[in-house]
Amino acid sequence: MTLQIHKITLWLLFVFIFLFPKGGIKTNNIPITWGYTLLALATFFSILRPKIRITKNRLYALFSLLPLQILIVYSLIINGNSHIGYTIALLMSLFIIPLGFYIGFSKELDEWHLDSFKKMLSQGMLFVSAYGIFLFWYKLLIGEFIEIPFLTVNFHDVGTLETTKYIDRGGIFKLISTYNNGNVYGICLLILLPFYNLIESSKIKRIIVKTSLLLTLSRTVWYGLIFTEILTYLYVYRITLKTWVKLPLVLLTYSQLIRWINKLLEYGNEFIFDTTMGGRQTQFSTFRNFTLFPSRPFHGIDEIVPLSMLNELGLMGIISYYIAFTVPIFLALNQKYKSQNQKSFIVGMITYMFVSLSDGAFLLIPTLAIFFFVASLAQQEKIYDPHVPKRAVF
């Protein structure tokens, strides 16, 4: 009975973290979403159970967070913070969320057969993608967004999407689906895309999902999409002669689609190959002035995550960050037998590390919830391959 309750909890978490991540309210300008509130409560009650089963790799992955967590606690005690909202998001993202997925739901994730998750993810990816495409064209043609308070948008954000979410591309707005932000939407879907490629047999549905990623009008998402497709072809699937024929065709298709979108937006090549990285080049000044340990009040994590870690937490911060986020990858890679499922989770984590060099949406809901969920799935000792043909991922 208890296990069934926890499986239902996982289903609710999927609905309110993946499908409707922004539903909720704000207090003192701090978002309180249904998904993160449920996750915090479920984690608390899960770790209080008398018997907790945790795999060795999940325990190692949790321990890998300790240096970063200790550094954060040290910084907040010694230096304080200058933005309470981002501080709460930091604590939730790096303390509560990994504790929940690495320990709290460890048993449920192992006994929750992937067939159940495959069906949920397949339907969920199609829903958020199709809704996102519909909303993109609705906004373009009608001139306004459809907002459902408490569900698709935070109650206190109603009517502010255009001005507060940085989604305007010169009068054409990014695809945001239920995520209210094109970059966050794209990054979250990219983490799950390798597994989705594996389980979804319908080419039409895969095209819908990838079309939605292109319509985010985010260069970070575009590059991330190309990166994850290459890695999926070369790592998840068995490499054959067809691989070397299909992969260039897929890359050519993406490049032509991106060029067409760029032309439609009436941008030049400087938009795609922007040397300023959308204004993010200023973050590189951190290299000229950083400390060994945190020396300033915590303010937040900017787009380029490693540089922001260096700026906010010092040299030990960027080192601790890479320990925390690459150890789960290496633990999964080091397993003697790796199924295609497991390989797809590995590619999802690596893809996040790649896009975080441009925009990691680190403290924005629900990025790290999805990352640690995938990281925990990657540590399963028994992962069953889906019965799908060895086909191209496009």
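Placed above this text is the structure.
Residues numbered from 1 in each chain as written. Predicted model: local features only at pLDDT ≥ 70, side-chain atom pairs only at ≥ 80, totals over all residues. Heavy atoms only, no water.

Chemist: Tell me about the overall build of the protein, and please be specific about residues and values.
Modeler: On a plain count of helices and strands, the protein comes out with 17 helices and four strands. Expected size for 394 residues packed as a compact globule is a radius of gyration near 21 Å; at 20 Å, the protein falls within 12% of this value. Projected onto the principal axes, the alpha-carbon positions of the protein cover approximately 55 × 45 × 40 Å. Each of the 394 residues in the protein was classed as buried or not, and the buried ones make up 55%. Nonlocal contacts in the protein, meaning residues at least 24 apart in sequence, comprise 75% of its contacts between residues at least 6 apart. Working note: accessible area of the protein is about 17,600 Å², and carbon and sulfur atoms make up 66% of it. Between the averaged position of the 34 positive side-chain charges in the protein and that of its 20 negative side-chain charges there is a distance of 10 Å. (Helix = DSSP H or I, 4+ residues; strand = E, 2+ residues; numbered from the N terminus. Rg over C-alpha atoms; globule rule 2.2 N^0.38 Å. Buried < 20%, exposed > 50% of the residue type's maximum accessible area, 1.4 Å probe, protein only. Contact = heavy atoms within 4.5 Å. Areas by Shrake-Rupley, 256 points an atom, 1.4 Å probe, with all protein chains shown as cover. Lys, Arg positive; Asp, Glu negative; His and termini not counted. Charge placed at Lys NZ, Arg CZ, Asp CG, Glu CD.)

Chemist: Explain the side chain of Lys210 to me, and be specific about the residues and the numbers.
Modeler: On the secondary structure map, Lys210 appears in helix α10 (residues 203-214). A distance of 2.9 Å separates the side chain of Lys210 from the side chain of Asn197, its partner in a polar contact. (Polar contact = N/O pair within 3.5 Å; in protein donor to acceptor, adjacent residues only side chain to side chain.)

Chemist: Just give me the short version of the packing of helix α2 (residues 34-47) against helix α5 (residues 84-104), but keep the residues and values in it.
Modeler: Between α2 and α5, the least distance of the axes is 9 Å, while the angle of their chain directions is 55 degrees. Here α5 runs oblique to α2, going by the angle between their axes. Where α2 crosses over α5, the two elements pack in a sense that is left-handed. In contact with Tyr36, Leu39, Ala40, Thr43, Ser46 and Ile47 of α2, α5 contributes Met92, Ile96, Ile97, Leu99, Gly100, Phe101, Ile103 and Gly104. Taken together, the residues of the contact of α2 with α5 break down into 10 nonpolar, four polar and no charged. (Axes fitted to C-alpha atoms, helices over the stretch in contact; angles between N-to-C directions. Parallel < 35°, antiparallel > 145°, perpendicular 65-115°, else oblique. Left-handed = near helix turned anticlockwise from the far one by under 90°. Nonpolar A, V, L, I, M, F, W, Y, C, P; charged D, E, K, R; others polar.)

Chemist: Mind laying out the pattern of salt bridges, listing which residues take part and the relevant values?
Modeler: Following the criterion strictly, the structure yields five salt bridges and no others. Ionic pairing is found between Lys210 and Glu229, a salt bridge with its closest N-O pair at 3.0 Å. With Lys210 in helix α10 and Glu229 in helix α11 (residues 219-236), the pair connects residues that are 19 residues apart, well separated along the chain. Several salt bridges share partner residues, and in doing so they unite Lys26, Asp157 and Lys165 into one network. (Salt bridge = Lys/Arg side-chain N within 4 Å of Asp/Glu carboxyl O.)

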